[in-house]
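Residues per chain are reported as follows:
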Amino acid sequence: MFWKRFIRSKKNVLVYLMITIIPTITISHALALQKIQEIENIYMDMAQSYANLHASQIDRFIGETVSRIDMLATLIEINPDDLSNVEEILKRTREKDVRFSGFYWSNPEGDLLIGTNELLQPINIGDRPYFQEAIQTGQYTISPAHIGRVTGRFIITIATPVLNNGELSGVLLSSLRIDKIEESVIKHSKDEEVWVIDDTGQMIIGTGSNLALDGAYSFTVEIDKVPWRIQAQLETADNNLYAKAFFTNVVILLIFTHILFMLIQYSLLKRQLKIEKKQNEMQKMELVENLAASTAHEIRNPLTGIKGLVQLLSEKYNNENDQLYFNVIQQEVNRINTIVSELLLLGKPTAHKLSTYCAKDIIKEIEPIIHSEANFKSVDLSIEYTYDRLPISCVKDHLKQVLLNLIKNALDAVSENSGQVRISLEKKGKYCVIHVIDSGIGMPEDILNRVFEPFFTTKETGTGLGLVVCKRIVESYGGKIQIDSTVGKGTEVELKLPIDENNN
């Protein structure tokens, strides 16, 4: 008993783990990872959107600046040799646009001739790569970010060559303040941090303190008009996203898995009860069979003696009251004898030698008996035969008893309302199927579920062994018996017996 309980307990724990804990943890982990992935995708999309926005803003800023410088270069191109006029144009432009740190005019050799900021000493920028590139290409170029020699500010310089009749007159140098670009970036920033990095890896602008922070989501975009790249970075509002998602899913799934576990436990318990009930029925049947086999003959022998003595006494005592008592005793003895006969059949129904008979012939042999009984009870009886041969392997007398028992039950069920009983035979596949259908009172489900229990009966004079014997005999032939009943409509008994293929 201890080991059974121990094994059952271990089995329950294993079932609990397999149905609740393991699936809950596994699914919660998968759902949490999926949630993290969804959040990461959202943050990455936001970071990309912010990076594209700032890249577009900087491109627009540079583009507008270059357009302004082109207009300024066009004005200077009219008379590049008039330095005082050039200086006046540069100063007015500087005053109107704070984005510029200063404007300078240099000769083709790189000497700064004039500027909006005071030149305290001669300055030559002819060695700067961006200056040489502007002269060689005839197009404007943008320098890397650097500290200006004149103002000391962090700037970028745009070098625009000015031509006069195809000849290089000089180079217009426009120093663009990076802090103004940074102001524009900050103005359009929301929750993100932004860094602008040039092609040398130098950080030009940075609105945050931690570049590439762990757990942050960043996206980098190349800027078209300058050799820079911009990186937008977002930090998650909560660093415990996985834990929260995991435990939320655990709580929800535990509810569902526990409901599932209880349903499965209920199903297993129901199944176990069915198995135990079946085992109890088998044990009960085995007990009845053993009891029948061991005591039936012992009961019948003294019963025969009692019956004979009662007969003798009834002949000796002719008093009317005595005869009444003797008749009652005789009826009860006959009833005991009937029960003993059924017990003998219940004990060993397969002990007889089986022979092959046609099911139609067996029905025809008992037809006069059942018609007589039906007429006596005023019941409309009909028998429907089939043209198919129905050879079955059985003991004829036993099968007759089965059929008579079933038909008698049907007649008893309809005798009160003079209903109908219909018997039909047909061939279905490898089976001979016999139907006994009545239009009687029917049976409720609780009674229908117990009709094959030994000693269960609803009749006052019944033994409760008739249907048990019928089922035992039919199953010994490899057949099946099934009863369907509806209260107020009637009952249908289906008897399926395997056809003897060797005699078909």
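As shown above, the structure is provided for reference.
Everything quoted here is computed from the prediction, not taken from an experiment.

Inspection of the secondary structure puts Thr141 in strand 3 (residues 141-142). There is a polar contact of 2.7 Å between the side chain of Thr141 and the backbone oxygen of Tyr130. For Thr141, the contacting residues outside a window of four places in its chain are Tyr130, Glu133, Ala134, Thr157, Ile158 and Ala159.

Attention now goes to the packing of helix 8 (residues 396-414) against helix 10 (residues 466-476). Look at helix 8 against helix 10: their axes get within 10 Å of each other, and the N-to-C directions meet at 140°. In terms of their interaxial angle, helix 8 and helix 10 are classed as oblique. As helix 8 packs across helix 10, the resulting crossing turns out to be left-handed. For the pair helix 8 and helix 10, contact is made by His398, Gln401, Val402, Asn405, Leu406 and Asn409 and by Gly466, Leu467, Val469, Cys470, Ile473 and Val474, respectively.

The next thing to look at is the sheet that holds strand 17 (residues 490-498). Taking strand neighbours across the sheet as the criterion, the five strands line up as 12-14-15-17-16 in an open arrangement whose pairing is mixed. Lying at the two open borders of the sheet, with one neighbouring strand each, are strand 12 (380-384) and strand 16 (480-486). The sheet shows a mean angle of 15° between the axes of neighbouring strands, taken without regard to direction. When strand 15 (residues 431-438) meets strand 17, the two strands line up antiparallel, connected through eight bridges. By the bridge assignment, Ile434 is partnered in strand 17 with Leu495.

Right, let's get into helix 4 (residues 178-187). When helix 4 is considered as a whole, its buried residues turn out to be Ile178, Lys180, Ile181, Ser184 and Val185. Down the axis of helix 4, the smallest arc covering the buried residues is 160°, so these residues share one side.

Right, let's get into empty space enclosed by the protein. Tallied over the entire structure, the rule returns one cavity of 30 Å³ or more. Lining the largest cavity are 19 residues, with Tyr104, His146, Arg149, Thr157 and Ser175 sitting closest to its centre. No other element matches strand 1 (residues 100-106), which puts three residues into the lining of the largest cavity. Looking at the lining of the largest cavity residue by residue, the classes come out as nine nonpolar, eight polar and two charged.

Attention now moves to the nonpolar core. If you look at the biggest cluster of nonpolar residues, it comprises 43 residues, and the most contacted ones within it are Ile58, Ile62, Leu90, Leu172 and Trp228. Ranked by residue count, the leading element in this core is helix 1 (residues 2-78), at 14 residues. Ignoring anything within four residues of it in the chain, the contact list for Leu90 reads Leu72, Ile76, Phe103, Tyr104, Trp105, Ile114, Thr116 and Leu172. In this structure, Val379, Leu390, Val414 and Leu465 belong to the second largest nonpolar core, which totals 42 residues.

Looking now at the pairing of strand 15. The buried count for strand 15 comes to six of eight residues, which makes it a mostly enclosed element. Bridge analysis of strand 14 (residues 420-428) against strand 15 gives eight bridges, and the strand direction is antiparallel. Of the residues in strand 15, the one forming a bridge with Glu426 is Val433. Connecting the antiparallel pair strand 14 and strand 15 is a turn made up of two residues, with Gly429 showing a positive phi of about 65°.

On to a nonpolar patch on the surface. Taken together, the side chains of Val251, Ile252, Ile255, Phe256, Ile259, Met262 and Leu263 make up a nonpolar region of the molecular surface, amounting to roughly 710 Å² of accessible area. On the secondary structure map, Ile255 appears in helix 5 (residues 241-316).

Here we come to the packing of helix 7 (residues 359-376) against helix 8. At a closest axis distance of 10 Å, the pairing of helix 7 and helix 8 adopts a crossing angle of 30°. Relative to helix 8, the element helix 7 lies roughly parallel. Considering how the two elements wind past one another, helix 7 and helix 8 form a crossing that is right-handed. Of the residues in helix 8, those in contact with Ile362, Ile363, Glu365, Ile366, Ile369, Ile370, Glu373 and Ala374 of helix 7 are Lys396, Leu399, Lys400, Leu403, Leu404, Ile407 and Leu411. A breakdown of the residues in the contact of helix 7 with helix 8 according to their chemical character gives 11 nonpolar, no polar and four charged.

Next up on the list: the pairing of strand 12. Only one face of strand 12 is covered, namely the face carrying Leu381 and Ile383; the face carrying Asp380, Ser382 and Glu384 is uncovered. In this structure, strand 12 lies alongside strand 14, joined through five bridges in parallel fashion. Note on strand 14: the bridge partner recorded for Leu381 is Val421.

The next subject is the sheet that holds strand 10 (residues 228-235). Within the open sheet, the four strands sit side by side as 8-7-10-9. Their pairing is antiparallel. The sheet terminates laterally at strand 8 (203-206) and strand 9 (216-222), the two strands that pair on one side only. Across the sheet, the mean angle from the axis of one strand to that of its neighbour is 20°, orientation sign disregarded. Across three bridges, strand 7 (residues 193-198) lies against strand 8 in antiparallel orientation. Directly across from Ile197, in strand 8, lies its bridge partner Met203. The strands that helix 4 touches are strand 7, strand 8 and strand 10; relative to strand 8, the one it contacts most, it runs at about 40°.

Relative to the elements of secondary structure, Ile259 occurs in helix 5. Judged by relative accessible area, which is 41%, Ile259 ranks as partly exposed. Between the alpha carbons of Ile259 and Thr20 there is a distance of 9.3 Å; along the sequence they are 239 residues apart.

As a further point, take the pattern of salt bridges. As enumerated under the stated definition, the model contains 14 salt bridges in all. For the salt bridge of Lys400 with Glu365, the shortest nitrogen-to-oxygen distance reads 2.6 Å. Taken together, the positions of Lys400 in helix 8 and Glu365 in helix 7 put the pair 35 residues apart, joining distant regions of the chain. Lys400 gets classed as buried once you look at its relative accessible area, which sits at 18%.

What counts, and at which threshold
Residues numbered from 1 in each chain as written. Predicted model: local features only at pLDDT ≥ 70, side-chain atom pairs only at ≥ 80, totals over all residues. Heavy atoms only, no water. Helix = DSSP H or I, 4+ residues; strand = E, 2+ residues; numbered from the N terminus. Polar contact = N/O pair within 3.5 Å; in protein donor to acceptor, adjacent residues only side chain to side chain. Contact = heavy atoms within 4.5 Å. Axes fitted to C-alpha atoms, helices over the stretch in contact; angles between N-to-C directions. Parallel < 35°, antiparallel > 145°, perpendicular 65-115°, else oblique. Left-handed = near helix turned anticlockwise from the far one by under 90°. Pairing = 2+ DSSP bridges. Buried < 20%, exposed > 50% of the residue type's maximum accessible area, 1.4 Å probe, protein only. Arc of directions from axis to C-beta. 1 Å grid on protein atoms, 1.4 Å probe; cavity = no way out; pocket = protein on both sides within 12 Å on 5 of 7 lines; lining within 4 Å. Points joined across faces, edges and corners; volume = space filled by probe spheres on them. Nonpolar A, V, L, I, M, F, W, Y, C, P; charged D, E, K, R; others polar. Core = buried A, V, L, I, M, F, W, Y, C linked by side-chain atoms within 4.5 Å. Patch = residues over 30% accessible without salt bridge, like charges linked within 9 Å, V, L, I, M, F, W, Y side chains within 5 Å. Areas by Shrake-Rupley, 256 points an atom, 1.4 Å probe, with all protein chains shown as cover. Salt bridge = Lys/Arg side-chain N within 4 Å of Asp/Glu carboxyl O.

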